[in-house]
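Chain residues, written in single-letter form:
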Amino acid sequence: NAGVTQTPKFRILKIGQSMTLQCTQDMNHNYMYWYRQDPGMGLKLIYYSVGAGITDKGEVPNGYNVSRSTTEDFPLRLELAAPSQTSVYFCASSYRQGSDGYTFGSGTRLTVV
Amino acid sequence: KNEVEQSPQNLTAQEGEFITINCSYSVGISALHWLQQHPGGGIVSLFMLSSGKKKHGRLIATINIQEKHSSLHITASHPRDSAVYICAVGGGQNFVFGPGTRLSVLP
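Remember, predicted model here, so these are calculated numbers, not experimental data. (Residues numbered from 1 in each chain as written. Chains lettered and ligands numbered in written order. Predicted model: local features only at pLDDT ≥ 70, side-chain atom pairs only at ≥ 80, totals over all residues. Heavy atoms only, no water.)

Attention shifts here to the state of the cysteines. All names here are of chain A. Taken as a whole and judged by the stated rule, the model has 2 disulfides over all chains. In this model Cys23 forms its disulfide with Cys91; the gap between the sulfur atoms is 1.8 Å. Negative torsions about the S-S bond denote left-handed disulfides, and the value of about -70° found for Cys23 with Cys91 makes this one left-handed. Pair noted here: Cys23 is in strand 3 (residues 19-25) and Cys91 is in strand 9 (residues 87-94), with a separation of 68 residues, a long-range link. (Disulfide = S-S within 2.5 Å. Helix = DSSP H or I, 4+ residues; strand = E, 2+ residues; numbered from the N terminus.)

Tallying the contact residues gives 19 residues for chain A and 16 residues for chain B. Buried surface at the junction of chain A and chain B, both sides included, amounts to about 1500 Å², of which 57% is carbon and sulfur. Applying the counting criterion to the chain A and chain B interface returns 0 salt bridges. For the pair chain A and chain B, the number of links is 1 residue pair in polar contact (both at pLDDT 80 or more). Taken together, the elements giving at least two residues each to the side of chain A that touches chain B come down to strand 4 (31-37) and strand 5 (44-51) of chain A. (Contact = heavy atoms within 4.5 Å. Buried area = accessible area lost by both parts, 1.4 Å probe. Salt bridge = Lys/Arg side-chain N within 4 Å of Asp/Glu carboxyl O. Polar contact = N/O pair within 3.5 Å; in protein donor to acceptor, adjacent residues only side chain to side chain.)

Residue and element names in this part refer to chain B. Here strand 5 (residues 43-49) lies mainly inside the structure; 5 of its 7 residues are buried. Here strand 4 (residues 31-37) runs beside strand 5; their pairing, made up of 6 bridges, is antiparallel. Bridging across to strand 5, Trp34 finds its partner in Phe47. Counting the residues between successive antiparallel strands, the hairpin from strand 4 to strand 5 contains 5 residues, one of them, Gly41, with a positive phi of roughly 110°. (Buried < 20%, exposed > 50% of the residue type's maximum accessible area, 1.4 Å probe, protein only. Pairing = 2+ DSSP bridges.)

Moving on, we come to the environment of A:Met19. All names here are of chain A. Within the fold, Met19 resides in strand 3. Of the residues examined, Met19 reaches a relative accessible area of 3% and is grouped as buried. The residues contacting Met19, other than those within four sequence positions of it, are Pro8, Arg11, Leu13, Leu76, Arg77, Leu78 and Leu110.

Structure follows, in structure tokens:
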């Protein structure tokens, strides 16, 4: 059981480049989330999805886009990378809203130079 | 004032010590989560609380809704408990995460 798989683990982007962070879960969870973690700060919610075809903005959505075409996949797209998007990104999933456990991916460390 | 505060920010303990990490919040909540972030960066969900107390192995989490306060206790601490412990409060998709408490347990 792989849980939540995120790729890549590390990436360096130049300003203005675009990329997609991949997130896949094999637990048939309805809810999926993207967070960013900046040094010394708490995790911030970027986008979330309550099921295939449904996404919504979190606290810090600017500069990002998501899609949820299947239950398993929830990719995060950065269209025009900016230094402010240098962060560690975590994907997470849960079976129910606010349920007992969130399962997190291992994170993607992104640097924009 | 931050919505979620944790104390202490950093904690160093000797193996075997009893450890307490605190979380205070200023917003109304329906649930509180305790998470553990390993030195390698991975995050594991430890507990979800809406009232009372939960225990899992050497870990105990308590919450006082009236006081808007939660504690995470670790009994008989071990070096493998070294991690950042994160408190998150809220409900639905609207969880606010604390900055974390960095715990180091020395052998």
